[in-house]
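Residue-level structure breakdown
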Amino acid sequence: MELFLSWSGDRSRKLAEAVRGLLVSLYGGRKIRTHLSADIAKGEPWSDALVNHLRASEAVLICLTPEALASTWITYEAGYIVGRTESPRVFTLLYEVTSNDIPDPLRSYQSTTLEPSDIRRLAHDMTGMNPDDARWAAAWREFDSEVGGIPPRQLHQIVPAIEEWFRRKTFDEPLHHCMDQSWIERYAGAVETRQRLRSVAERVEAAGAGFAAEVFHGLLGAVDSYATAIRGLLLLERPPFPTAPDGTLDFQTPGLLEALEGRRIRVKTLLNAGVVLAPFAQPEAFLFERLETFAEKKDLIHRKRAELERDLATGLINEAMVSTWRGSEWDFDRISAYLVDAMTSFESHHDAVAAAEVELEKAQATEGGTLIPVHYALKAVEVITGRAGANDGPALNALLANASRFLESLDNHERTRGPAGVIARIRGREASPAPQAQEAG
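For clarity, every value in this text was computed on a predicted model and none was experimentally measured. (Residues numbered from 1 in each chain as written. Predicted model: local features only at pLDDT ≥ 70, side-chain atom pairs only at ≥ 80, totals over all residues. Heavy atoms only, no water.)

**Quick look at the confidence of the model for the protein**
Low pLDDT marks regions whose predicted coordinates should not be analysed in detail. Averaged over all residues, the pLDDT of the protein equals 84, while 89% of them reach at least 70. Element-level mean pLDDT values for the protein span from 67 in helix α2 (residues 46-55) up to 95 in helix α9 (residues 183-199). Counted against residues more than four places away or in other chains, residues 434-441, with its pLDDT under 50, gives 27 contacts. (pLDDT = per-residue confidence, 0-100. Helix = DSSP H or I, 4+ residues; strand = E, 2+ residues; numbered from the N terminus. Contact = heavy atoms within 4.5 Å.)

What follows is the structure, given as structure tokens:
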């Protein structure tokens, strides 16, 4: 059989590629040959090449995702084969959609889910051959792994205008840079955005996208918290805040700026999660972003450390996994990597110092942001360099100097006490034994 794999959108394409891999694993080049528009070479006339693939095909498998449902291309490709084939065969493969979602005329064809038995029946119906159990088991594992790697729907794919709603001074400008002190306008902007989010809540729920829905509800809660804080802390009868020597506003009341900026930054972080970030590696990563107090976050990290110790002992964690965590945009993923680094020899002391420098740069670029990832990156440096006997060196000394200057510039002992303590221990280590792995804190 000559089979055309029809797709629309990146996730649909990945599903089509996984199907092709499954069929190759099951049958090699026998019984079935697949055609995919992604095979068209660069520089080749695209429309002509597509038509050639369609002409060569006697059946079409349409990879339907929520995004692909609205595509006119898949209808065109299916219609082309149906219109020119005497006994056309049309298969639909469903990913995050149900048979009720399929539009006409595709609804008239029997669909296939991602259940193993349904996929196996699909392979048999297309080829007339039932693969042996051993071959099927190996092919299914590979297929299931590839499908599992398809990224979930992101929030901006469900609500395309969502980024535009947040492009305003209310969310983009740090509060101590708001020299006109237009707090009523800032509050009104937060309330308007909150109303827009509420207006699309049913659409997000109906999309059935777990990751995006979780981000959405976290974002809605964060905007509500930010608006409430502005109303409660800034919409008061009070004289204007004075200007500090550095040209920013001096909020005077201890903790006032941190309380407001923390909420603003949480909104930005969650919006970034819905629009840009890849899915997290640690299931607690999104919860970590939503927690508001340091004590709650520290407790979650302590529990994670115990879990990581157990997983290391049973061989469930390997170096490649931890390397992926280090490169994550999610704070909790990176913190988990630093915890493992302090318990293993996965990371060299040179790489640990470099990772801490990157973490420090992230913190410096985010006014009022959390210092927890910096703290745990420094703790990994403390343990790893101590284990290696690398108590000094240009890179380590530069890291400690940069981190000390940054912490001193924050002028907030409560926020900086943890990382400052780690720096002090590293600097004072020459007169004491090399440290052992410590309880996270």
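**Overview of the packing of aromatic side chains**
According to the stated counting rule, one finds eight aromatic pairs in the structure shown. For the ring pair Phe 166 and Phe 171, a centre distance of 4.9 Å and an interplane angle of 50 degrees mean the geometry is tilted. Each member of the pair Phe 166 and Phe 171 is classed as buried. A centroid spacing of 5.9 Å and a plane angle of 45 degrees characterise the contact between Phe 171 and Tyr 226, whose relative ring orientation is tilted. Within this pair, whereas Phe 171 is found in helix α8 (residues 169-172), its partner Tyr 226 is found in helix α11 (residues 210-233), the two being separated by 55 residues in sequence. With respect to class, Phe 171 is no different from Tyr 226; both count as buried. The ring of Phe 288 is capped by Lys 297, whose NZ or CZ atom sits 4.8 Å from the centre of that ring. (Phe/Tyr/Trp six-rings, centres within 6.5 Å; stacked < 30°, edge-to-face > 60°. Buried < 20%, exposed > 50% of the residue type's maximum accessible area, 1.4 Å probe, protein only. Lys NZ or Arg CZ within 6 Å of the ring centre and 35° of its normal.)

**Some words on the side chain of Thr 248**
Among the structural elements, Thr 248 can be located in the loop between α11 and α12 (256-275). A polar contact of 2.7 Å, which involves the side chain of Thr 248, links it to the side chain of Asp 246. Aside from chain neighbours lying at most four places away, what touches Thr 248 is His 176, His 177, Met 179, Pro 242 and Thr 243. (Polar contact = N/O pair within 3.5 Å; in protein donor to acceptor, adjacent residues only side chain to side chain.)

**Points about the packing of helix α17 (residues 349-364) against helix α19 (residues 394-410)**
The description of two packed helices rests on the angle between their axes and on the distance between the axes. The interhelical angle for the contact between α17 and α19, taken along N-to-C directions, is 20 degrees, at an axis separation of 10 Å. For the element pair α17 / α19, the angle class is roughly parallel. Classified by chirality, the crossing of α19 by α17 is left-handed. Together, Val 353, Ala 356, Glu 357, Leu 360, Ala 363 and Gln 364 of α17 and Ala 395, Leu 396, Ala 398, Leu 399, Asn 402, Ala 403 and Phe 406 of α19 make up the contact between the two elements. (Axes fitted to C-alpha atoms, helices over the stretch in contact; angles between N-to-C directions. Parallel < 35°, antiparallel > 145°, perpendicular 65-115°, else oblique. Left-handed = near helix turned anticlockwise from the far one by under 90°.)

**Looking at the pattern of salt bridges**
Counted according to the given criterion, the structure contains 25 salt bridges. A salt bridge links Glu 347 to Arg 326; the shortest N-O distance between them is 3.4 Å. Within this pair, whereas Glu 347 is found in the loop between α16 (331-343) and α17, its partner Arg 326 is found in helix α15 (residues 319-326), the two being separated by 21 residues in sequence. For the pair shown, Glu 347 and Arg 326 are each scored as buried. Connected through salt bridges with shared partners, the residues Lys 169, Glu 173, Asp 180 and Arg 186 form a single ionic network. (Salt bridge = Lys/Arg side-chain N within 4 Å of Asp/Glu carboxyl O.)

**Description of the pairing of strand β3 (residues 59-64)**
Within β3, six of the six residues are buried, which leaves the element mostly enclosed by the surrounding structure. Neither face of β3 is exposed, since Ala 59, Leu 61 and Cys 63 on one face and Val 60, Ile 62 and Leu 64 on the opposite face are all buried. Pairing analysis gives four bridges linking strand β1 (residues 2-6) to β3, with the strands arranged parallel. Note that in β3 the partner of Ser 6 across the bridge is Ile 62. Relative to strand β4 (residues 89-94), β3 runs parallel, the two sharing six bridges. (Pairing = 2+ DSSP bridges.)

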